[in-house]
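Each chain is listed here by its residues.
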Amino acid sequence: MAIIITDECINCGACEPECPNTAIYEGADDWRWKDGTKLNGKVILPDGTEVDSDAAQTPISDDIYYIVPGKCTECKGFHEEPQCAAVCPVDCCVPDDNHVESEETLLNRQSFLHNE
């Protein structure tokens, strides 16, 4: 499953640089598929959707840091545990029950994002 940042977030930013997929963004900041990945230009996402990896996407939150579920791999393929949760001083990086995914799915996403 992906990780979500709860509204207990204090906007300290400790989590953002820890994400190996650049899936964490400051509230109100646009995000892009290409950020922190090897995706470039038009790509077909694993769900079959075609996107322009360079195009700005609408922020998921305007108030607090947020995690893009389609870029989150829970750090699978990089670390033993999600690094955002490991560094969060208020424990607001928690599993997202709305995005439950298998380890295989997370590893496949990691491979897709980084062309491995």
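Scroll up to find the structure this text is about.
Residues numbered from 1 in each chain as written. Predicted model: local features only at pLDDT ≥ 70, side-chain atom pairs only at ≥ 80, totals over all residues. Heavy atoms only, no water.

J.: Tell me about the overall build of the chain, residues and numbers included.
T.: From N to C terminus, the chain includes two helices and six strands. Reading the helices (α) and strands (β) of the chain from amino to carboxyl end gives β-β-β-β-β-α-β-α. Relative to a compact globule of 116 residues, whose C-alpha radius of gyration would be 13 Å, the chain shows 13 Å and is just as compact. Counting only C-alpha atoms and orienting by the principal axes, one finds that the chain spans roughly 35 × 30 × 25 Å. Every one of the 116 residues in the chain was classed for burial, and the buried ones make up 41%. Here the contacts in the chain between residues at least 6 apart in sequence split such that 74% fall between residues at least 24 apart. Of note, the chain has its 7 positive side-chain charges centred 10 Å away from the centre of its 24 negative side-chain charges. (Helix = DSSP H or I, 4+ residues; strand = E, 2+ residues; numbered from the N terminus. Rg over C-alpha atoms; globule rule 2.2 N^0.38 Å. Buried < 20%, exposed > 50% of the residue type's maximum accessible area, 1.4 Å probe, protein only. Contact = heavy atoms within 4.5 Å. Lys, Arg positive; Asp, Glu negative; His and termini not counted. Charge placed at Lys NZ, Arg CZ, Asp CG, Glu CD.)

J.: Break down a negative patch on the surface for me, citing the residues and quoting the values.
T.: A cluster of acidic residues, Glu16, Glu26, Asp29 and Asp30, forms a negative patch on the protein surface. Assignment of secondary structure puts Asp30 in the loop between strand 2 (24-25) and strand 3 (42-44). (Patch = residues over 30% accessible without salt bridge, like charges linked within 9 Å, V, L, I, M, F, W, Y side chains within 5 Å. Areas by Shrake-Rupley, 256 points an atom, 1.4 Å probe, with all protein chains shown as cover. Salt bridge = Lys/Arg side-chain N within 4 Å of Asp/Glu carboxyl O.)

J.: If you had to explain the nonpolar core to someone new, which residues and values would you point to?
T.: By size, the foremost hydrophobic cluster in this structure holds 16 residues, and its most contacted members are Ile5, Cys15, Ile24, Ile67, Cys84 and Cys93. Not counting the four nearest positions on each side in its chain, Cys93 is found in contact with Ile3, Ile4, Ile5, Cys15, Cys84, Ala85 and Cys88. Listed in part, the 10 residues of the second largest apolar core include Val43, Leu45, Val51 and Val68. (Core = buried A, V, L, I, M, F, W, Y, C linked by side-chain atoms within 4.5 Å.)

J.: Please set out the layout of surface pockets residue by residue, giving values where relevant.
T.: In this structure, the largest pocket occupies an estimated 170 Å³ of space. In this structure, the largest pocket is lined by Trp33, Leu45, Pro46, Asp47, Gly70, Thr105, Asn108, Arg109, Phe112 and Leu113. (1 Å grid on protein atoms, 1.4 Å probe; cavity = no way out; pocket = protein on both sides within 12 Å on 5 of 7 lines; lining within 4 Å. Points joined across faces, edges and corners; volume = space filled by probe spheres on them.)

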